[in-house]
Amino acid sequence: MSYEAYKNNQLGFTTRQLHAGYNPAEHYRSKAVPIYQTAAFELGDFERCIRLFDYSEEGHSYVRFSNPTNTVLERRLASLEGGIEAIALGSGMAAISNTFLNIAKSGDEIVAVNTLYGGSRTLLNNILPDYGIVGRFVDDENDIESYRKVITEKTKAIYIESLGNPGMNIIDIEAVANLAHEHGIPLIVDNTFATPYLLRPFEYGADIVCYSATKYLAGHGTTIVGAVVEKGGFNWLNGKFPQFEKFYDEYKDTIGKDILDKTMFTKRLRIRYLTDLGAHLSPTSAFYLLQGIETLSLRMREHAANAQKVAEFLEGHPKVLSVAYPGLKSNKYHELAKKYFPKGPGAIMSIRLKGGIEAARKVLEEVKVFDYMVNVGDAKSLIVHSATSTHFGQSKEEREKAGVYDDTLRLSIGIEEAEDLIADLKHALDSIDE
Ligand SMILES: *Cc1c(COP(=O)(O)O)cnc(C)c1O
């Protein structure tokens with residue numbers, strides 16, 4: 001009898017979320033993934049130390065670079081995503097900022113959509129420009145000509161989200177990936193709201209996927225974690241990325257050309273940025289993530305089924321002006337949802353209320369099952385007023401472009417009984433003054 005499920009990527013998603021990337025025989029046959037709570041590892045002998053530091057041998061020296069608990073998480077994520085390699089970092093923003101720094105240097109540009117997560121937008125708009133990396137935003141994320149207009153010789157990537165926040169907009173990933181490849185640049189997708197269970201952007205041509213694993217992957221609102229997954233196969237030596245050419249020359253003889261050809265993005269991210277900017281993920285947090293991922297598919301099914309029921313209820317309520325959820329037939333992204341989200345377009349939605357900001361305040365005061373929180377992707381249901389929280393400080397014009405009005409509430413639908421969630425929202429909405 002030989003346990004082999006850990007290395008069989010042909011197994012189904014739910015089987016892999018329990019087994020992929022962890023071989024107990026290498027860890028005293030501990031069935032749970034051990035937490036290697038140490039700051040460093042013994043180097044062994046003189047020659048081995050050199051091999052670890054020139055990366056000709058896989059292994060661990062200092063935990064900021066890598067450690068065995070995080071390695072299991074990284075292998076599991078790569079398997080679930082259908083990618084070649086993954087890297088775990090201390091937060092979603094660490095994953096995204098390190099990705100931007102890896103792809104672009106001073107003088108370069110990144111093309112992105114307007115509907116980005118607030119932190120990602122701030123990076124591209126306010127932080128990275130001070131270091132010479134500039135974000136260029138497309139006018140209409142569903143019009144491919146809009147992307148063409150802002151792509152220049154300096155553009156090094158297109159960056160989108162698979163489900164926008166909070167408008168739940170869906171982008172035609174395949175079309176944008178084709179456009180990126182026409183220009184010799186990669187498509188990077190923040191797939192946080194979807195998770196690899198509902199959507200795997202690599203299947204539609206994306207090259208890099210970023211996660212705030214804090215949300216559904218962790219699943220229980222306990223841990224801040226980020227991840228980057230590489231599909232493998234993008235040609236980083238096509239003349240547009242001198243930093244990768246330099247890296248390739250430096251490491252081709254030790255890491256090996258074959259490996260670098262497939263994993264250049266994550267290798268450089270680890271060796272250059274994780275190592276020296278230090279956005280390390282603690283092995284204990286990696287363990288919590290692995291626990292969460294064990295039930296990912298089960299939770300996502302419940303999340304999506306509940307979200308559909310709640311959205312249908314909200315659409316019929318007289319105090320609700322509109323519901324943004326692509327699972328609704330009336331939603332402008334419904335056709336794209338059918339193509340990209342056959343298992344359901346996630347469980348986050350935003351609604352607009354007829355009674356303006358005062359109605360939004362009343363709903364927040366009256367809900368008793370939903371929690372008033374800025375987080376999303378918890379097993380518990382959460383609600384927030386975006387304009388005064390996640391999108392605080394943005395101009396009215398800027399936030400309305402992202403679908404955030406004074407009367408907008410964002411809901412993250414949990415896995416409670418749908419009937420209880422609907423009753424809670426009904427009570428809160430019914431109590432809005434006429
Ligand atoms: C939360 C979130 C982030 C940031 O992740 P952290 O783990 O909080 O750093 C990035 N993108 C999206 C879509 C998010 O929801």
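Look up a bit, the structure's there.
So, a few notes on the structure that sits alongside this text. (Residues numbered from 1 in each chain as written. Predicted model: local features only at pLDDT ≥ 70, side-chain atom pairs only at ≥ 80, totals over all residues. Heavy atoms only, no water.)

**Some points on the nonpolar core**
Where we set the bar: Grouping buried Ala, Val, Leu, Ile, Met, Phe, Trp, Tyr and Cys residues that are joined through side-chain atoms within 4.5 Å yields what is termed a nonpolar core. Buried residues are those whose accessible area, probed at 1.4 Å on protein chains only, stays under 20% of the maximum for their type, while exposed residues exceed 50% and partly exposed ones sit between those limits. Segmentation into domains, and thus their bounds, comes from an automatic or database assignment. Contact between two residues is taken to exist if any of their heavy atoms lie within 4.5 Å; hydrogens are not considered.
Counting 127 residues, the largest nonpolar core has Tyr147, Ile158, Leu187, Leu314, Met349 and Leu411 as the members making the most contacts within it. Per-domain counts for this core show at least three residues from each of domain 1 (12-292) and domain 2 (296-430). Not counting chain neighbours up to four residues away, the residues in contact with Tyr147 comprise Val111, Val113, Val138, Asp140, Glu141, Ile158, Ile160, Ile171, Val176 and Leu179.

**Examining a negative patch on the surface**
For clarity, the cut-off: The patches reported here contain residues having more than 30% relative accessible area and no salt bridge. Joining distances are 9 Å for like charges and 5 Å for nonpolar side chains (Val, Leu, Ile, Met, Phe, Trp, Tyr). For every accessible area listed, the method is Shrake-Rupley and the probe measures 1.4 Å; residues are considered covered only by the protein chains on display. Put simply, a salt bridge is a Lys or Arg side-chain nitrogen that is within 4 Å of an Asp or Glu carboxyl oxygen. Only four residue types enter the charge count, namely Lys and Arg as positive and Asp and Glu as negative; His and the chain termini do not. Every charge is mapped onto a representative atom, which is NZ of Lys, CZ of Arg, CG of Asp or CD of Glu. Strands are runs of DSSP state E lasting at least two residues, helices are runs of H or I lasting at least four, and both sets are numbered from the N terminus onward.
Residues Glu302, Glu417, Glu419 and Asp420 make up a contiguous surface patch of negative charge. Here Asp420 shows up in helix H16 (residues 418-430). The class for Asp420 is partly exposed, based on a relative accessible area of 43%.

**Brief notes about the pairing of strand E11 (residues 382-385)**
The following threshold applies: Strands pair, by our definition, only if DSSP identifies at least two bridges between them.
Where burial is concerned, the two faces of E11 agree: the one with Leu382 and Val384 and the one with Ile383 and His385 are both buried. In the sheet, strand E10 (residues 371-372) pairs with E11 via two bridges, with the strands oriented parallel. From the neighbouring strand, Tyr372 faces E11, where its bridge partner is Ile383. As paired strands, E11 and strand E12 (residues 408-412) are joined by four bridges and run antiparallel to one another. In the strand pairing of E12, Ile383 is matched with Leu411.

**A look at H16**
Inclusion rule: Multiplying 1.5 Å by the residue count of a helix minus one yields the expected span of that helix. Each C-beta atom gives one direction from the helix axis, and the arc is the one those directions make.
Over its 13 residues, H16 extends 18 Å from the first C-alpha to the last, a length consistent with the 18 Å expected when each residue adds 1.5 Å. Where H16 is concerned, the buried positions are Ala418, Leu421, Asp424, Leu425, Ala428 and Leu429. The buried side chains of H16 occupy one side of the element, clustering within an arc of 130° when seen end-on. Next to the buried residues of H16 lie helix H12 (296-315), strand E8 (320-324), strand E9 (348-353), helix H14 (356-366) and E12.

**Section: the sheet that holds E12**
Applied cut-off: The angle between two axes is taken between their N-to-C directions and runs from 0 to 180 degrees, where each axis is a line fitted to C-alpha atoms and a helix contributes only its stretch in contact.
Within the open sheet, the five strands sit side by side as E8-E9-E12-E11-E10. Their pairing is mixed. Two strands bound the open sheet, and with one partner strand each, they are E8 and E10. Along the sheet face, H12 touches E8, E9 and E12 and points at about 10° away from the line of E9.

**Quick look at the packing of aromatic side chains**
When we look at a pair of aromatic rings, we describe it by the centre distance and by the angle of the planes. We apply this condition: Centre distance within 6.5 Å is the pairing criterion for rings of Phe, Tyr and Trp, where only the six-membered ring of Trp is used; planes under 30 degrees apart are then read as stacked, over 60 as edge-to-face, and the remainder as tilted.
Scanning the entire structure with this criterion turns up 17 aromatic pairs. Pairing Tyr3 with Tyr6 gives two aromatic rings, centres 5.9 Å apart and planes at 25°, and the pair type is stacked. With a centroid separation of 4.8 Å and 40° between ring planes, the pair formed by Phe247 and Tyr251 is classed as tilted. Remark: Tyr251 and Phe247 occur in helix H9 (residues 242-251); sequence separation between them is four residues, near one turn of the helix. Residue classification places Phe247 among the buried positions, given a relative accessible area of 1%.

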